[in-house]
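Notes for the structure review
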Amino acid sequence: MSRQTPVLGPTGTTDRALAPDLARGFMLLFIALANSVWYLWASPSDGLTVHPAPEGALDSVAQFFTVMAVDMRSYPMFAFLFGYGMMQLARRQEAAGADVRSVNALLRRRNLWLVVFGFVHALLLWMGDILGAYGVAGLVLGWLFFRRRDVTLVVWSAVLTFLMAVGSALSLLALPFVSESDGGAGGLDMNEMAGNIGDPSVLSAATDRLLNWPLVSIGQGLLGLVVPTAILLGFWAARRRFLEEPGSHLRTLRRVAVVGIGVGWVGGLPEALAQVGVLDLTGDQGLMLTFPHMLTGLFGGLGYVALIALVAHRLQERGRTGGVVVTALTATGKRSMSAYLAQSVLCAPILAAWGLGLAAYMSSWTMFLYAVAVWLVTVAGAYALERAGRRGPAEVLLRRLSYRRPSTAVTAPAGPPAADEHQERTSP
C-alpha cells in the first residue's frame, strides 16, 4: 500500500509565467463587459440576444463590439486556462515528490471548494456564476481525462468540436424556415431569464438565483460542450508548455491567434449585425444563431490566449515586463478570482432592482463604460495588493482550504525553477 506524500505549498507570487496572468488580467475586462449586459433589466429586449434594443448610435456601437468580440468569447479562454492550470499544478506537485494519489486528492479538493465558492457567489450576488461550472467540469473531466494520453485528449476535443459543428450546421440550415412565434418577437426573453436582477425583493431574487445555479453550473460546465472542450485543450497544451515557453511555439501560436480571432469575429458578425438592425431577423431566427456563436466563440477564446502569449513573449524579449501597465494587469491575473468576485460586488448591489437599481437609468453604452470602470477599479486594487506583497483574499482562502494549511510560498526544491511550473490555481 503506497504512502501518501505531502503536497508542495502554493507558488510564490514572483515564481510565475507572464502569459497566463497577463491573459487573465486583460480578459477580465471582457468578463465585465459580457456580464454587465444582464443588469439592464429595465430596458426592453427585442429577443435577438440578451442585449436590449439599441436606443441610438452609441448603443449600437457598444452592442456591436460586445456581441462580435466579447459575448461567448471570454469564458472559453478562461476554461482553457483553468485546464492548463490544473495540469501545471499536478506537474509542480509531482516534480516536488508528491505521489499521484496526493495530487489527485488536492485537485479534487480545489474543485469541490470552487463549487462551494460558486454556490455562495450565486446565493449572495450573481446568477451567472462561473466558478461552480468550472468546479463541476474540473471534477468530471479530471476524473475521466486528466491522466489520459495526449491522443485521447486531442481526439475527444475533436469529437466535442465536431458535435458543436453539427449543431451549428443544423441551426443555420433551419434558419430560413424559422418564423415568429404566435406573432410575437420570439427568441430570448431577457427579463424572464434575468428575472432575479429585476426583482425588487432581496429574498425572492436570492431564491431564484439558487434555483437556477445548478442548471447554470451543469449547463455551462458540461452540457454546453464549449467549456469541456477548452479544458481538454488546456490539459494538452500544458503538457507542451505553450504558455511558459511561447518562444518554442511561435508558429503555432501565430496560427491559432490569426485563425482563432478571425473565426471568432466573423462568427460573431451575424448576431452583431442582427442586434443593431442591419440584418432583419426575428427573435426566433436570432436564437438559431446561438449555437454557431458558441462554436466560433471557442475559436475566438483560444485565439485571444495565443495572441496574449505572443505579446508576453515580445515583452519578455524586450525586457518590458516591469512597467506599471504590465505589472497591474499581471497582478490582476494573479488575483483573478478575487477580481471576478469583486466585479459582482461592484455591480449587483448597485445595479440590480433588489439593490440601488441604478441600471434602470442606464443604456448599453453607459453600461459599457460602467463595466470598464469596474474593471479598472479591480486592476487598481490588484496593483495595490501587488505593491504590498499580498495575495488576493479569495485566492488565500481557496488555497488554505485546498492545502489544509496557511497559504505561504515555499522554497522550491533543487531542480527546474518554480517559474517553469507556475500555475497551481484556478480562476474564473
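Note that this is a predicted model, so its numbers are computed, not measured.

**Some remarks on the packing of aromatic side chains**
- A complete count under the given rule lists 11 aromatic pairs for this structure.
- With a centroid separation of 5.4 Å and an interplanar angle of 25°, the aromatic rings of Phe82 and Tyr134 are classed as stacked. Residue Phe82 is found in helix H3 (residues 75–95), and its partner Tyr134 is found in helix H5 (residues 131–145); the two are separated by 52 residues along the sequence. Grouping residues by exposure puts Phe82 and Tyr134 together as buried.
- Following the ring pairs from residue to residue traces out a cluster consisting of Phe26, Phe30, Phe65, Tyr304 and Phe368.

**A word on the confidence of the model for the chain**
- Averaged over the chain, the pLDDT score is 87; the fraction of residues at 70 or greater is 86%.
- For the stretch residues 181–185, pLDDT sits under 50, and the model shows five contacts to residues farther than four places along the chain or on other chains.
- Contacts for the low-pLDDT stretch residues 406–428, under 50 throughout, to residues beyond four places or in other chains number 82 contacts.

**Observations regarding the layout of surface pockets**
- Put simply, the second largest pocket is a space of about 460 Å³.
- Along its surface, the second largest pocket is lined by 21 residues, and Phe80, Leu233, Trp236, Val256 and Leu302 are the ones closest to its centre.
- At the level of secondary structure, the elements contributing two or more residues to the lining of the second largest pocket comprise helix H6 (150–174), helix H9 (226–239), helix H10 (250–275) and helix H12 (290–317).
- With six residues, the single largest contributor to the lining of the second largest pocket is H12.
- Considering only residue class, the lining of the second largest pocket consists of 16 nonpolar, five polar and no charged.

**Describing empty space enclosed by the protein**
- Going through the model one piece at a time under the given rule, you end up with four cavities of 30 Å³ or more.
- The space that makes up the largest cavity amounts to roughly 90 Å³.
- Taken together, Ile31, Ala32, Asn35, Ser36, Tyr39, Trp126, Tyr340, Gln343, Ser344, Cys347, Ala371 and Val374 make up the lining of the largest cavity.
- Elements with a contribution of two residues or more to the lining of the largest cavity: helix H1 (18–36), helix H14 (336–351) and helix H15 (364–388).
- For the lining of the largest cavity, the class distribution of residues is eight nonpolar, four polar and no charged.
- Taken as a whole, the second largest cavity encloses approximately 70 Å³ of empty space.

**Here we look at a positive patch on the surface**
- A cluster of like positive charges, contributed by Arg251, Arg254, Arg255, Arg314, Arg318 and Arg320, occupies part of the molecular surface.
- The leading source of residues in the positive patch is H10, at three residues.
- Positionally, Arg255 belongs in helix H10.

Quick notes on the rules
Residues numbered from 1 in each chain as written. Predicted model: local features only at pLDDT ≥ 70, side-chain atom pairs only at ≥ 80, totals over all residues. Heavy atoms only, no water. Phe/Tyr/Trp six-rings, centres within 6.5 Å; stacked < 30°, edge-to-face > 60°. Helix = DSSP H or I, 4+ residues; strand = E, 2+ residues; numbered from the N terminus. Buried < 20%, exposed > 50% of the residue type's maximum accessible area, 1.4 Å probe, protein only. pLDDT = per-residue confidence, 0-100. Contact = heavy atoms within 4.5 Å. 1 Å grid on protein atoms, 1.4 Å probe; cavity = no way out; pocket = protein on both sides within 12 Å on 5 of 7 lines; lining within 4 Å. Points joined across faces, edges and corners; volume = space filled by probe spheres on them. Nonpolar A, V, L, I, M, F, W, Y, C, P; charged D, E, K, R; others polar. Patch = residues over 30% accessible without salt bridge, like charges linked within 9 Å, V, L, I, M, F, W, Y side chains within 5 Å. Areas by Shrake-Rupley, 256 points an atom, 1.4 Å probe, with all protein chains shown as cover. Salt bridge = Lys/Arg side-chain N within 4 Å of Asp/Glu carboxyl O. Lys, Arg positive; Asp, Glu negative; His and termini not counted. Charge placed at Lys NZ, Arg CZ, Asp CG, Glu CD.

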